[in-house]
Structure formats: C-alpha cells, structure tokens
Amino acid sequence: MTVGFRIKADFQRVDAGLAERAAALPAANIGDVVNRMQSMRGGFLAYGGRKAVAGPAFTVRARAGDNLMLHQALDMARPGDVVVCDAGGDLGIAIMGDIMARYAASRGIAAIIVDGAIRDVEGLAQLPLGVWARGATPAGPYKDGPGEIGYPVSCGGLVVMPGDLIACDQDGVVVVPREDAPSVIAAAEAHSSKEHGMMADIDARRFDRAWVGQALSNKGVARV
C-alpha cells in the first residue's frame, strides 16, 4: 500500500444502539459533555433532507477538487454509516452533487460530511440523506485521485478515526471517539434531561437566576 493512495476496509464501528441514542439528542448536548472540545468548527451547513443523524464514521481523504476515492467509499460504506470526507476544506470545486448523494441514499448510508464544497443544493434537500458541507459551488470535480479510505482524517478541525461516533444536526457536527461513546452518550442523556427541566422552569416562571449575581460577586463586580 502507498501512503496517500490506499484503502483499509477493516475497522470496528461504534455500537449501533449508541448511535440510535445519540440521534435522539441535540448535537450541542453531546458537545457540552465532552468539554466542548469535540465539535467541528462552525460553517458546516445541513444540505440534505435528513437534518439530524448519528452513526459510525466511514473515513475518506480526497485530493481537493477530486472525488475518485469518495466514489469508492460510497461503494464500500455500510447502511447507517456516516461518510466523513476530508476534502481539504476547498470551496473552489464541489466534491459531490445530487447523483452521488442519491446513490448513497439508495445504499442506506445515513449521511455524508464534506470538509469542502458540494453542489445541486435543491436536489440534495429532497433526499433521505444527511449532507453537511462548508459551502456550495456549481464547479464540478475531477476523478483521478489520490486519496485514502479507512484511515484517520482531519475534518472541521478534528481528527476522525474510522468507527468513531458522529452526531450531526442543524447546529453542526460532533465527533465522539468510539471507545468513549458509552459514557459520553449516558452523560449527554442526563444533560439533555436537565435542560428539559430548565425549560419547564422557564415556562412556569420559576427559573432560578441567582447564579448570575453570585458569579458577578465572585468576580468582584459591584452594582452601583
């Protein structure tokens, strides 16, 4: 195998039950309980018809403006996978459009995340597939390679390992290392439950705001 142009198909995926639980949670709640360190940087927009998705990462690294390895990844990914494509953050050339996305949806792929650009925005919105990308352009891609499949990638400022838990909604994308997923999702469920209680308190006009004054007092801020 040649570094930079290779494929690795064998890796362990996060448990499907954990992915299902993650899909029921706001991505922000998952991001909160990992100390706000595992969210991809802002700018990823939800273009697909599915707006909330969670599943195991199927990683792809593509040369900017070239989608040969992404095509191969769509042939290899399993139903429920989230294809994470490191396209170098390039916005000059779209790495995929609605034909590739339609094929991905037909194979049961849950979502595609592109650190780069897509096209065919209107068509993507009609598909039962999650699509997150940095932007859109009508310029189409090349199909020459190189690239890698099944190896660690950099996407949105984070390292993504094959099989990691990916959770996405309209706020963006969170990455949870596979081995940490059980404890993280349990903590996120508890955090989400706490936030629902806070919202109920707001609606009932009993929301306790004493902490704000206490925090200011602790900082030495005095009212005048």
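Above this text is the structure in question.
None of these values were measured; they are calculated from a predicted model.

Caption draft 1: How the structure looks around the pairing of strand S4 (residues 82-86). The buried fraction of S4 amounts to five of the five residues, a majority that puts the element mostly inside the structure. Side chains Val82, Val84 and Asp86 of S4 all project onto a buried face; the interleaved residues Val83 and Cys85 project onto the opposite face, where all are buried too. Direction of pairing for strand S3 (residues 53-62) relative to S4: parallel, over a ladder of five bridges. By the bridge assignment, threonine 59 is partnered in S4 with valine 84. Regarding the hand of the β-α-β motif, the stretch spanning S3, helix H3 (residues 68-76) and S4 is right-handed.

Caption draft 2: Geometry of empty space enclosed by the protein. If you walk through the whole model with that rule in mind, you get one cavity of 30 Å³ or more. The space that makes up the largest cavity amounts to roughly 40 Å³. Lining the largest cavity are Ala22, Ala23, Leu25, Ala27, Ala52, Val53, Ala54, Ala167, Cys168 and Asp169. At the level of elements, helix H1 (16-23), S3 and strand S10 (165-169) are the ones that each hand at least two residues to the lining of the largest cavity. Element by element, the count of residues in the lining of the largest cavity is highest for S10, at three residues. Considered class by class, the residues forming the lining of the largest cavity number nine nonpolar, no polar and one charged.

Caption draft 3: Representation of H3 within the structure. When H3 is considered as a whole, its buried residues turn out to be Met69, Leu70, Ala73 and Leu74. Projection of H3 onto a plane perpendicular to its axis shows the buried side chains occupying an angular sector of 145°, all on one side. Residues of H3 that are buried sit in contact with strand S1 (5-7), S3, S4, helix H4 (98-106), strand S5 (111-118) and strand S7 (147-149).

Caption draft 4: Structural view of the packing of aromatic side chains. Taken as a whole and assessed by the stated rule, the structure comprises one aromatic pair. Lying over the aromatic face of tyrosine 151, lysine 8 brings its terminal NZ or CZ to 6.0 Å of the ring centre.

Caption draft 5: Quick look at H4. Listed in full, the buried residues belonging to H4 are Met100, Ala101 and Ala104. One side of H4 holds all its buried residues, which, seen down the axis, span an arc of 100°. Residues of H4 that are exposed and angled more than 90 degrees away from the buried face: Ile99, Arg102 and Ser106. Contacts from the buried residues of H4 go to H3, S5 and helix H5 (121-124). Following H4 by one or two positions, glycine 108 adopts a phi angle in the positive range, close to 85°.

Caption draft 6: Spotlight on the environment of glycine 42. Secondary-structure assignment places glycine 42 in the loop between helix H2 (27-33) and strand S2 (45-46). Residue classification places glycine 42 among the exposed positions, given a relative accessible area of 67%. Each C-alpha atom, one on glycine 42 and one on valine 173, is 8.8 Å from the other, the two residues being 131 residues apart in sequence.

Scoring rules and cut-offs
Residues numbered from 1 in each chain as written. Predicted model: local features only at pLDDT ≥ 70, side-chain atom pairs only at ≥ 80, totals over all residues. Heavy atoms only, no water. Buried < 20%, exposed > 50% of the residue type's maximum accessible area, 1.4 Å probe, protein only. Helix = DSSP H or I, 4+ residues; strand = E, 2+ residues; numbered from the N terminus. Pairing = 2+ DSSP bridges. Right-handed = clockwise from strand over helix to strand, strands pointing away. 1 Å grid on protein atoms, 1.4 Å probe; cavity = no way out; pocket = protein on both sides within 12 Å on 5 of 7 lines; lining within 4 Å. Points joined across faces, edges and corners; volume = space filled by probe spheres on them. Nonpolar A, V, L, I, M, F, W, Y, C, P; charged D, E, K, R; others polar. Arc of directions from axis to C-beta. Contact = heavy atoms within 4.5 Å. Phe/Tyr/Trp six-rings, centres within 6.5 Å; stacked < 30°, edge-to-face > 60°. Lys NZ or Arg CZ within 6 Å of the ring centre and 35° of its normal.

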